[in-house]
Every structure is written in structure tokens, then in C-alpha cells.
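# A closer look at the structure
Residues per chain are reported as follows:
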Number of protein chains: 2
Amino acid sequence: MTGDLLIRSVRPWPNLPGAPLVDVLCEGGHVAAFAPDLDPPPAVPVVDGRGGVLLPAFTDAHAHLDSTRLGLPFRPHSAGAGLADLIENDRRNWRSAEASVAQRATYTLARTIAGGATHVRSHAQVDVDSGLEKLEGVLAAREEHRGRAHVEVVAFPQCGILREKGTAELLEAALRAGADLVGGLDPAGYDRDPVGHLDVVFGLAEKHQRGVDVHLHDGGTLGAFQVELICERVRALGMQGQATVSHAFALSTVDGERQRELVELLAEHDIAVTTVAPGVREPLPLRELRRAGVRVGLGQDGIRDYWSPYGNGDMLDRAWQLAYRNGFRRDDLVEMCVDIATRGGAAVMGRTLGLTEGSPADLVVVPGDTVTAAVMDRAPRTLVVHAGRVVAAEGEIV
Amino acid sequence: MTGDLLIRSVRPWPNLPGAPLVDVLCEGGHVAAFAPDLDPPPAVPVVDGRGGVLLPAFTDAHAHLDSTRLGLPFRPHSAGAGLADLIENDRRNWRSAEASVAQRATYTLARTIAGGATHVRSHAQVDVDSGLEKLEGVLAAREEHRGRAHVEVVAFPQCGILREKGTAELLEAALRAGADLVGGLDPAGYDRDPVGHLDVVFGLAEKHQRGVDVHLHDGGTLGAFQVELICERVRALGMQGQATVSHAFALSTVDGERQRELVELLAEHDIAVTTVAPGVREPLPLRELRRAGVRVGLGQDGIRDYWSPYGNGDMLDRAWQLAYRNGFRRDDLVEMCVDIATRGGAAVMGRTLGLTEGSPADLVVVPGDTVTAAVMDRAPRTLVVHAGRVVAAEGEIV
């Protein structure tokens, strides 16, 4: 039956030393049982986890599948510094890629799934230059991998909303064309009108009953002000649980007291936060956010594109990056990063993943002595399972 | 003849797009010629670079081969925060490892060579608890890999010099037993007497005519003061070119004017600096240091030991880490990190590597479109060559 599977010989997290290997039975796309030496029901496929660590599948909670050049000839980075330069550089170059947006997004989504992520929230740029072309490419990639991953798409105004006439209309057209959420971008710092920008974003969200996911690079008090504006709109529209602030650099660039206020505000409005574990910007206060009950997800951001040469589709590598960047050495803290990269991101997408009976059978098996060792080794994934079906093995999709 | 080799089909850095594949002839352990379609002299071995990027071999300029547990069962991190806790934790646990220091150091050095490093400077802890046991283990690893890599060993007072009676004598015994350099550790912040500590270090260096390599985690004005003390001693003893400050967090934790002064002081005394690309501490001012002519090397620090779960022996991965942590996107800056990880570290060790005729035939071939792409991909090394001899291929030593 669809979604039935027996996975032999894995060590579910927390894989305590000396704990016996168990088998995992999946039925109808959900985990039905964990036990040693399970007998497979008739006709149920059996796969071997080879003693690997069993985790919930990864979630890439912040991707840009439309911009990737992964798998194509490498191009030297050609942008100046600063967001405006990066935006302009992408606009100058994206049409000259050797493959279509759909082909590029499909390839990178395949690599992401092969790395163990079966939930992905991808932004798709919507602007007057590219119209809906990038969105359509990401939707095509989603369709191609429909049986392998659950993908949400954000209609993302990468070039602002108010700076170029017609963008708001394109965002609405994107929602009609299949985008799931409304995006936003630095309402003050880039689009220069925080209220005007957010009124469009939340206006579309209300009209079409969609969630929102706002890129907020603005830091310090200006960023904090915009977090407040977002909270006000979430409250007014009853959108608790439906909004995400991506990057949220404001949280790590205000003083301790203000940070506590912002964390409480996010928790009170059930607004999620995503990070991409940046190399230079100060890390988010992960422990404080989680302690307050804020959903925190991890994403890959753009992958080898006109914005940046970094990224490879591997969310376990990104979990390593999050741990490294936070200086975490203790196993419980490294495991917290894995939790953010798996269950945390899924919660950002409104999904519940886990390793208990009844959990969705979205699972990944990775070689390693322990969860922390698996993060440090970053070995190719032994198995990736989505809805009880093997979708990747030995680092390649099937 | 020893050190003769023909490497077919590589693209030497800078591998400009469209540049033809060339062959590299090594004679007597040095690069003799670069040209397309070279005819191998009689009896010279021929290996295939398969179109990969040719770089100078990597240098791990700051290793701790004595503490590694790479390849052994993973142990959860058991230390508290802070240097004293980490030191105490290691002392409690190191003797219970499943393999000897020599075995562990040999394994990790093999992984380091397989990753493309043929020059390594390793610290070896010398203290009243372990005596010379750790040093002897590292010396044994060096001997085991003598034909594969050039290894320098630092007699390293990991537990301070003045805090435990007998350490200075042990350091001197270490030099007699085969250590190449005298180490030091936070003369003020940890050992509590900067002048007393450095007098021992430089006293031994003068007496035995050795170089010094001082771990300096102390930051801010206290760290800056100790950089000055080191410079004074280098000048007094005429040890220009013979001293290294490792970590050197002081450089990134003082104001801009003071930073400039320190960089100039280091340049004036030809004192080298090494970094391990830490995840949390502020990166060193790499461009300023190099512009001033300061030799800068990159190292792996401890690898999966009682200090930290991070590290894997792969200096290309570490070069990625250095680039990522500095937010470098431009190819010239990523390539600067590769230069630090190859030629830079070799210069710290007093060696000149390069890709010109006459350079030592210490080379690595790595798959990738360009140097930056190779850093991002971090694929297993196709070939590693030391003194004109293949010492690793396809990610494994030979």
C-alpha cells in the first residue's frame, strides 16, 4: 500500500550508547511502530538502514530555488557589495543561464531531497523584470518532485513592492498562479516605506487567506520597529501562526532588554523565525527564541547563484554550519541545531514531524555514531523517506 | 628517479576559463615544466589529473595531532565552558582513549595528507600529567608519514608553564627529544605572568636556537600588550622570521588604530600569525595583515577531541570555513583564503610553495570548475603530491 515501508536496523534519536537497533514500520505514510526485528506485513517493501542514526527528515525553511546555478558551470561572483548591487547583478545575469529556471530549480530541489529534506519553503522572485517566470519555474520543480517532497512557494518581491510600479499586481497574480504565501523584503531599509509595503503584503494575505514570510535584513531599532509593525498586523488580522520573519537580524542587533521584548512579541503572536546561519551577521538568540516557544527554522538561502557562491543543497551541512557559527560544542546544543533543521522548520511550515508512533513517515537515515557525530561527519544520507516512501538513497534521489 | 612525476591534464591556478589543460613535469621533487602534451621522460611515472584544478599543496599551520579522536567511537562533549574547564576535561579523559596517541595522531595525519596537506605544524602537549608521552606520539606519526609530509612539532605547554612546577624542564626535554619549536599559552590570561612565561619560552628558544609559536587567546588590550612583549623579545634576540602568534584574537578585539599598530609591529618583526577560522570569535583582519606583509597561515586546531567535536582533517573544508566566516563572496577573496591555506601556512613554516617552475612539487589536484568552485564543492582530492611523489589519490593516502 502507498506509504507502507519497513526500515531495518536504525538507531532513532536519541540514540543512546548501547541502545539496540530497531526496525521502523511505516503504514499509510505514518510511523506505526518502532521495535527490534519486526516482521514485515505482506508486500511491504523492506529497506536497510544499516545501523544509521534515524532523524525526522530535514526541512529547508528558507530556499531560493529560482536563482540557483548548482550543477551548471561555475561563474565568478560579479556583484558589488550591498543588497541593491546584488539585486541589480542578478537582474543583469539570470536570463543568460545555461538552463531554464524550471530545470535549475528541479536540479537543486533534487539535491535538497537527496540530502534528506522532504519539506521545503522556497521563495520565488516576482518583479517587473521577470514577471511570473521564476515562480513558474519553481512551481514546475515542485510538480516534478511532488511525490518526494512537500514544497511551499512564497511570492517574493525581491526588488521591493513600491519601488517598481506593477509589483503588487504581480504578487496577486502569483498567488492566483499557485504561490502559497506572500513575501516581503526590508519594508523600510530597501522599499523605503514600511507601512506602505506591509499594507500590500498583509492586504494580499487577508484577501487571499494566505500566510506571509517577510525577509527582514534591517537590523537594530529600525528592524525592531518593523517586527512590531508585523506583530500589529498579525494581531489585527488574527494571523497568529501564519507569519514568518526571515533572517530577523534585528533580534541580534538590539540590546538584551529589547531582544527579550521582541522575542516575547514573536511568541505572543506565534510568529516564526528562520535563519540561514550566516557567516558574518550575529547569530539569532536560538535558545531564547525556543525557550519562549517561537518556532525557528533553518534554510539554505540562495545556492550558488548570482548572489553568492555558497550552498550545496545539504541541510545536514547547514545544520553543521548553524552549530559551528554558534560555537556549540555540547551535544545537546548541536542536537538543538538538528531539531531546528528538522522539526523546527517543519513547524514553520505548519507541519509536525517527529519520531513517535503516528508521526508522518518523513525520515532520514544518516551514518554516524550519534546525532552530533552525524552532524560532524556529514556523510551521504543512507535513506530519505517521504510519506512512507523511499525518495533518496546513498545521496541520490530515486 | 625520486621526485620525478608527470601529472597529466590539470588546470593550474589561476585557471582562467578556456585556458588549455596542461601537464606538469616534476623532476627531483620540484616542478620542472608546465605545458600541454608533455612527453614523459623514460621511467617517469605518469598520473592523470583528470582536468582538475592544480593548487600548491595545503599547509595545516596549526594542528593538535596529539589530542584527536578522529576515527574512534564518538564521545559526547563533556567539558564545561572556558579554557580551564577544557584543559581539565582533557586531562581527565585522554588516557582512556581506545588507541594510543601515536595511533590517533597517525590516523589523523593520514586524513590530513589525504585532504591535500603536505606541510603540517602540530602542537604536542607537554605537561606534568602527560610528560613527553603526547610529544612522542606526534613524533611517531611524523615518522610514519615521513615520505608523505613535512611535519613540524611544537612543544606546547597546554597547561601553562608557571602554574605547574617542572613544566619548563619538560619543555626543554621535549626539544631534546625532537620537538622543533617552543610553544606558549596565554602568558597573562592563563599562566598569570606574561613576562615570566615569555622569559621561559624565549629563553629556551635562544638556548636551543628554535622558533616559537605562542597560543594567544587573550583579547583586547591585554592581548595587545602581550603581542608587544613578544615583539620586544623577537627584536632583542634577532628572531625575526622565527616567531608565530596563533589565534591572535587581540588583533580583532582592539580598535582600528590599535589594530593598525599591531599589524605594523608584526610586519616589522616578521612575526607570523595563524588562525583556525573560529565560528564565534571575530575573524582576523586578513587583508590588512597580508597587505602589510605578515605571513598568515590557516590550521585545523584540535580535531574531534576532548576540546571540541569539530574538524575532519580536510584543509579545503577549512579554507571554505575561513571564506564563509569572513563573508567572502568574490572569487579573489575566496582565492585569498586558499592562498592562506596553502602558500601562507607554508611561509609560516619557513617554506616557499607555489606553482612556478622550480617550486617544490608539493601539489594537490581537486575537481572543480575554478578555484572558488573547488572550495565550494570540497570534493575528494584527485591527487596529492609531496616532493614529486603521489602520496594520496581519490581521498586516500597511498
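Residues numbered from 1 in each chain as written. Chains lettered and ligands numbered in written order. Predicted model: local features only at pLDDT ≥ 70, side-chain atom pairs only at ≥ 80, totals over all residues. Heavy atoms only, no water.

## Remarks on the overall build of chain A
Here is the rule: Numbering of helices and strands starts at the N terminus; helices are DSSP runs of H or I of at least 4 residues and strands are runs of E of at least 2. Think of it in three bands: with a 1.4 Å probe and only protein chains considered, a residue is buried below 20% of the maximum accessible area for its type, exposed above 50%, and partly exposed in between. Between two residues, a contact is recorded if the distance between any of their heavy atoms is within 4.5 Å. Using a 1.4 Å probe, the Shrake-Rupley method yields the accessible areas, and only the shown protein chains count as cover for residues. The charged-residue count follows a simple rule in which Lys and Arg add positive charge and Asp and Glu add negative charge, with His and chain termini not counted at all. Taken as the charge centre is NZ of Lys, CZ of Arg, CG of Asp or CD of Glu, depending on the residue.
On a plain count of helices and strands, chain A comes out with 11 helices and 16 strands. Principal axes of the C-alpha set define a box for chain A whose edges measure 60 × 50 × 40 Å. Taken over 398 residues, chain A has a buried fraction of 64%. Intrachain contacts of chain A at a sequence separation of at least 6 include 75% that bridge at least 24 residues. Surface exposure of chain A reaches about 13900 Å², of which carbon and sulfur atoms provide 51%. For chain A, the distance from the average position of its 40 positive side-chain charges to the average position of its 54 negative side-chain charges is 3 Å.

## A word on the environment of B:Glu136
Residue and element names in this part refer to chain B. Within the secondary structure layout, glutamate 136 lies in helix H3 (residues 133–144). Glutamate 136 sits in the partly exposed class, given a relative accessible area of 46%. Sequence separation between glutamate 136 and valine 101 is 35 residues; the distance between their C-alpha atoms is 8.2 Å.

## Concerning the nonpolar core
Among soluble globular proteins, nonpolar side chains are generally buried collectively. This is how it is decided: Residue types Ala, Val, Leu, Ile, Met, Phe, Trp, Tyr and Cys, when buried and joined through side-chain atoms within 4.5 Å, form a set referred to as a nonpolar core.
Membership of the largest hydrophobic core comes to 203 residues, with the highest contact counts inside it found for A:Ile7 and B:Ile7. Non-local contacts of A:Ile7, meaning those with residues more than four positions away in its chain, are made with A:Val22, A:Asp23, A:Val24, A:Val47, A:Gly49, A:Leu363, A:Val365, A:Leu383 and A:Val385.

## Structural notes on the relation of the copies chain A and chain B
Formally: Residues reaching a pLDDT of at least 70 in both copies supply the C-alpha atoms on which the copies are superposed by least squares.
The two copies are related by a screw operation: chain A maps onto chain B through 180 degrees of rotation and 0.0 Å of translation along the axis, at an RMSD of 0.0 Å. The relationship between the two copies is best expressed as a two-fold rotation axis. Residue by residue, 100% of the interface of chain A is reproduced at the interface of chain B, so both copies engage with the same surface.

## Thoughts on helix H7 (residues 256–268) of chain A
Residue and element names in this part refer to chain A. To keep things clear, this is the line we draw: A helix is expected to reach a length of 1.5 Å times the quantity of its residues less one. Throughout, the arc means that of the directions going from the helix axis to the C-beta atoms.
For H7, built from 13 residues, the straight-helix expectation of 18 Å at 1.5 Å per residue is met to within 8% by its first-to-last C-alpha distance of 18 Å. For H7, the set of buried residues is Gln259, Leu262, Val263 and Leu266. The arc that holds the buried residues of H7, viewed along the axis, is 100 degrees, so those residues lie on one side. Of the exposed residues in H7, the ones pointing more than 90 degrees away from its buried face are Glu264 and Glu268. Residues of H7 that are buried sit in contact with helix H6 (220–237), strand E11 (272–275) and helix H8 (286–291).

## Structural notes on the sheet that holds strand E7 (residues 150–156) of chain A
All names here are of chain A. We count it as follows: A strand pair is defined by DSSP finding two or more bridges across the two strands. Between the N-to-C directions of two axes lies an angle of 0 to 180 degrees, each axis being a line fitted to C-alpha atoms and, for a helix, fitted only over the stretch in contact.
With parallel pairing, eight strands are arranged side by side in an open sheet as E5-E6-E7-E8-E9-E10-E11-E12. Two strands lie at the open edges of the sheet, namely strand E5 (58–63) and strand E12 (296–298), each paired on one side alone. Strand-to-strand, the axes of this sheet are offset by a mean angle of 25 degrees, without reference to chain direction. As judged from the four bridges shared by strand E9 (residues 211–215) and strand E10 (residues 243–246), these two strands associate in the parallel manner. Each bridged residue has a counterpart across the sheet, and for valine 214 the counterpart in E10 is valine 245.

## Concerning the interface of chain A and chain B
Keep this limit in mind: Take the accessible area each of two parts loses on contact, using a 1.4 Å probe, and add the two losses: that sum is the buried area. The rule for a salt bridge is simple: a side-chain nitrogen of Lys or Arg has to be within 4 Å of a carboxyl oxygen of Asp or Glu. N or O atoms closer than or at 3.5 Å make up a polar contact, with two conditions inside protein: a donor-capable atom paired with an acceptor-capable one, and, for residues adjacent in sequence, both atoms drawn from side chains. By the convention adopted, Pro, Cys, Tyr, Trp, Phe, Met, Ile, Leu, Val and Ala count as nonpolar, Lys, Arg, Asp and Glu as charged, and the other residues, Gly among them, as polar.
Facing the 36 residues of chain A at the interface are 36 residues of chain B. Among the residues chain A hides against chain B, the three largest losses belong to A:Tyr310, A:Tyr324 and A:Arg329. Together they make up 27% of the total. In this structure, B:Asp377 and A:Arg304 form a salt bridge, with 2.5 Å as the shortest nitrogen-oxygen distance. Joining chain A to chain B, the criterion identifies 24 residue pairs in polar contact (both at pLDDT 80 or more). When residues of the side of chain A that touches chain B are traced back to their parent elements, those giving at least two are helix H9 (315–325), helix H10 (331–348) and helix H11 (371–377) of chain A. Residues that form the side of chain A that touches chain B fall into these classes: 18 nonpolar, nine polar and nine charged.

## Focus on the sheet that holds strand E8 (residues 181–185) of chain B
Residues and elements named next belong to chain B. Across the sheet, eight strands lie side by side as E5-E6-E7-E8-E9-E10-E11-E12; this open sheet has parallel pairing. Across the chains shown, the open sheet's two edge strands, defined by having one partner strand only, are strand E5 (58–63) and strand E12 (296–298). On average, each strand axis in the sheet is tilted by 25 degrees relative to the strand beside it, whichever way the strands run. For strand E7 (residues 150–156) and E8, the ladder comprises two bridges, and the chain directions are parallel. Bridging across to E8, valine 154 finds its partner in leucine 181. Against the sheet, helix H10 (residues 331–348) engages E5, strand E6 (117–125), strand E10 (243–246), strand E11 (272–275) and E12, with an angle of about 120 degrees to E12.

## A closer look at helix H1 (residues 83–93) of chain B
Of all the residues in H1(B), the buried ones are B:Leu86, B:Ile87, B:Asn89, B:Asp90 and B:Asn93. All buried residues of H1(B) project into a common sector of 165 degrees when viewed along the axis, lining one side.

## Regarding the domain arrangement of chain A
Residues and elements named next belong to chain A. What counts, and what does not: Marked domain ranges trace back to an automatic or database domain assignment.
According to the domain assignment, chain A contains domain 1 (5–57 + 354–397) and domain 2 (58–348). On a C-alpha basis, the centroid separation for the pair domain 1 and domain 2 is 29 Å. On the side of domain 2, 28 residues touch domain 1, which itself brings 27 residues to the contact. Counting each side, the surface lost to burial between domain 1 and domain 2 is near 2200 Å², with a carbon and sulfur contribution of 63%. Broken down residue by residue, the surface that domain 1 buries against domain 2 is led by Trp13, Arg378 and Ile397, which jointly contribute 26%. Our enumeration of links across domain 1 and domain 2 arrives at three salt bridges. Salt-bridge contacts for aspartate 317 lead to arginine 378; the nearest nitrogen and oxygen are separated by 2.8 Å. Taken together, the links from domain 1 to domain 2 amount to nine residue pairs in polar contact (both at pLDDT 80 or more). Top contributing element to the side of domain 1 that touches domain 2 by residue count: H11, with five residues. For the side of domain 1 that touches domain 2, the class distribution of residues is 17 nonpolar, five polar and five charged.

## A look at the pairing of strand E14 (residues 383–386) of chain B
Residue and element names in this part refer to chain B. Judged by which residues are buried, E14 turns out to be covered on both faces: Leu383 and Val385 on one side and Val384 and His386 on the other are all buried. The sheet contact formed by strand E13 (residues 363–366) and E14 spans three bridges and is antiparallel. Bridge assignment links leucine 363 to a residue of E14, and that residue is valine 385. The pairing of E14 with strand E15 (residues 389–393) spans four bridges and is antiparallel. Within E15, the position partnered with valine 384 by the bridge is alanine 392. From the end of E14 to the start of E15, which pair antiparallel, there are two residues, and alanine 387 there has a positive phi angle of about 50 degrees.

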